[in-house]
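As a plain string of letters, each chain reads:
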Amino acid sequence: MLSALVCNGAAANIEPSSYDAKSIGAGTTGMAYLDNPSALAINPANLVGIDRGGMSVNITPVFSVSRAPLAGPNSEVKSDLGFGPIPSLFGAVRVADRVVLGFGAYALGIFGAKYSNVENLYGEPGVTGDFEVTFVSGEAAVGVGIEVGPSLDLGVTLRVPFAWQNATIPAELGGAVIPVTATLGGAGWPGGRIGLT
């Protein structure tokens, strides 16, 4: 806690395996030992380690400040302080002696930045405007863990990716700069994951 208060800051990439406190504490690992419902996203074979059933809800808070060349080439504009909670929800239930079903919805990444009152926007002297973007990508998944033998577990997961983006950017229209908002999103092609333990 002291080092968090004293340090000047850090640069990092949020790993998509941060769905379990134990996994985060061990350096975002969990391929071999994670035996709770969040195993669905990392190694579905480990669902077999669940006795009867369980649920896991996690929110990883992320605070960020970004920099972008919004005032023209070779410029650097600092964003407002941003907050992006990375959520996940998992559940699993044992349906037979050797079979556990799992389900989940989880964010793979969240990015957002807001730049307020950017002066000389796009390198145009005297032009001021706001710029804001938010992006979320994630997956919804269902899977099964099967105990094949005393020391062999197999897991299979069907995953459906989704993404959403919202951006408000200043655009030139007949010499005036007006804010334009665009929102897009949707689901991708289903994919799979196979795990062995």
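Further up the page is the structure itself.
In short, a report on the structure. (Residues numbered from 1 in each chain as written. Predicted model: local features only at pLDDT ≥ 70, side-chain atom pairs only at ≥ 80, totals over all residues. Heavy atoms only, no water.)

## Examining unusual backbone geometry
Turning to step 1, where the next piece is worked out: Here the phi dihedral of Asn-74 falls at roughly 60°; this positive angle occurs in a residue that is not glycine.
Turning to step 2, where the next piece is worked out: Within the secondary structure layout, Asn-74 lies in the loop between β2 (67-68) and β3 (77-78).
Turning to step 3, where the next piece is worked out: A relative accessible area of 85% places Asn-74 in the exposed class.
Turning to step 4, where the next piece is worked out: A positive phi angle, close to 50°, is found at Asn-117, a residue other than glycine.
Turning to step 5, where the next piece is worked out: Mapped onto the secondary structure, Asn-117 falls in strand β5 (residues 99-119).
Turning to step 6, where the next piece is worked out: For Asn-117, a relative accessible area of 55% gives the class exposed. (Helix = DSSP H or I, 4+ residues; strand = E, 2+ residues; numbered from the N terminus. Buried < 20%, exposed > 50% of the residue type's maximum accessible area, 1.4 Å probe, protein only.)

## Describing the side chain of Thr-157
Turning to step 1, where the next piece is worked out: By the secondary structure assignment, Thr-157 is in strand β7 (residues 152-173).
Turning to step 2, where the next piece is worked out: Residue Thr-157 is classed as buried on the basis of its relative accessible area of 2%.
Turning to step 3, where the next piece is worked out: Every residue in contact with Thr-157, bar those within four places of it in the chain, is listed here: Leu-40, Pro-44, Ala-141, Val-142, Gly-143, Gly-191, Gly-192 and Arg-193. (Contact = heavy atoms within 4.5 Å.)

## Let's talk about the pattern of salt bridges
Turning to step 1, where the next piece is worked out: This model, assessed by the stated rule, comprises two salt bridges.
Turning to step 2, where the next piece is worked out: Close ionic contact of Arg-67 with Glu-76 constitutes a salt bridge, the shortest N to O distance being 3.4 Å.
Turning to step 3, where the next piece is worked out: The salt bridge partner of Arg-159 is Glu-139, with a shortest N-O separation of 3.7 Å. Taken together, the residues span a long stretch of sequence, with Arg-159 in strand β7 and Glu-139 in strand β6 (residues 128-149) at a distance of 20 residues. For the pair shown, Arg-159 and Glu-139 are each scored as buried. (Salt bridge = Lys/Arg side-chain N within 4 Å of Asp/Glu carboxyl O.)

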